[in-house]
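# Structural overview for review
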Amino acid sequence: MFLNIGDHNLHVALYGSDRNPTLVLLHSLGTSHAVWQRQVRALRDQHFIIAPDFRGHGLSDLSCTPVTIEALADDVVSALTMLGVNAFHLAGISIGGLVAQCVAATLTDQVRSLTLLDSNIVSLAPQMWKDRATKVRGEGLAAIEEAVLSRWTTEEGRTTPEGRGLAVMLRRTPSEGYAAGCDALAVADCRHHAARLTMPVTVAVGEQDEATPPAAARALAEAITGARFEIIPGAAHIPLFEKADAVNTILQRSAGGT
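The present account deals with the structure reproduced in this document. (Residues numbered from 1 in each chain as written. Predicted model: local features only at pLDDT ≥ 70, side-chain atom pairs only at ≥ 80, totals over all residues. Heavy atoms only, no water.)

### Quick look at the sheet that holds strand S6 (residues 111-117)
Convention followed: Two strands pair if DSSP finds at least two bridges between them. Each helix is a run of H or I in the DSSP string that is no shorter than four residues. Each strand is a run of E no shorter than two, and both are numbered from the N terminus. In this description, a line fitted to the C-alpha atoms serves as the axis of each element, helices being fitted only across the stretch in contact, and the angle between N-to-C directions of two axes falls anywhere from 0 to 180 degrees. Here, residues are in contact when the closest pair of their heavy atoms is within 4.5 Å.
The strand order S1-S2-S4-S3-S5-S6-S7-S8 describes an open sheet built from eight strands, whose pairing is mixed. Each edge of the sheet is formed by a strand with only one pairing partner; in this case those strands are strand S1 (2-5) and strand S8 (228-232). Recorded for the sheet is a direction-independent mean angle of 20° between the axes of neighbouring strands. Bridging between strand S7 (residues 201-206) and S8 involves five bridges; their strand directions are parallel. Across the sheet, residue Val-203 finds its bridge partner in S8, namely Phe-229. Helix H9 (residues 244-254) rests against strand S5 (88-93), S6, S7 and S8 of the sheet, and its axis sits at about 165° to S8.

### Considering the nonpolar core
Using the following cut-off: By nonpolar core we mean a set of buried residues, namely Ala, Val, Leu, Ile, Met, Phe, Trp, Tyr and Cys, connected to one another through side-chain atoms within 4.5 Å. Relative accessibility decides the category of a residue: with a 1.4 Å probe and only protein chains considered, values under 20% of the type maximum give buried, values over 50% give exposed, and everything between is partly exposed.
If you look at the biggest cluster of nonpolar residues, it comprises 88 residues, and the most contacted ones within it are Trp-36, Leu-90 and Tyr-178. With eight residues, the single largest contributor to this core is helix H3 (residues 95-106). With residues up to four places along the chain from it excluded, the contact list for Tyr-178 reads Leu-29, Gly-30, His-57, Trp-129, Arg-132, Val-136, Leu-141, Ile-144, Val-148, Leu-170 and Thr-173.

### So, the environment of Val-201
Mapped onto the elements, Val-201 comes out in strand S7. Residue class for Val-201 comes out buried when judged on its relative accessible area of 5%. Considered as a pair, Val-201 and Ser-113 are 88 residues apart in the sequence and their alpha carbons are 6.0 Å apart. The contacts of Val-201, once residues within four sequence positions are left out, are Leu-114, Leu-116, Ile-224, Gly-226, Ala-227 and Arg-228.

In structure tokens, the structure reads:
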């Protein structure tokens, strides 16, 4: 479905029956809600799944204003309000994990569990993200495609049908949509939200993740009181396809309650 939120037309994918517990899934930079399809297939019978496309990604409009983690979180909060969702489980990967932290800090009493995959709590390389935004705006996504894809999956995973599908997701992301996400990542800082994340929290990261190294994910977990931390063996930055069973198990455990 499409929702008019502020100056933006946002696409939100819905799966399953709204009589079931709600699970909100937030995608990574340069992909779309479709990156969660293995999780949707496994969980849609037990959950009502809401998977928005961030501004400038998937079927959502490009942003009319500068993009920040807070702006993306406000879009999610507005979408959930418009859909009448009062309680939900929340999961995000990469930039989606940062947005999820902000959403959870805003709707603390409504979030039943929070799962953060291959994410961090504060920008790991502000200047790199600024430089990448400039490069993408000047030369297009093709200029960074190889560097990005080499971190998303293992070398073996790149040649699978799903690995090739990830490449298509990246190529179909508007350059400005990706660059605006880089702008957000350059100044991302969720450290002030950590104290409000009092719901059950799981932080998981791919063993081979070079984009968000396990040390950064562990620092995120350590900043949140009581957070569970785990490594996904043999996984890179986007384990949602290659290690779908492991990710599904994490989500099923986290979102098992109502």
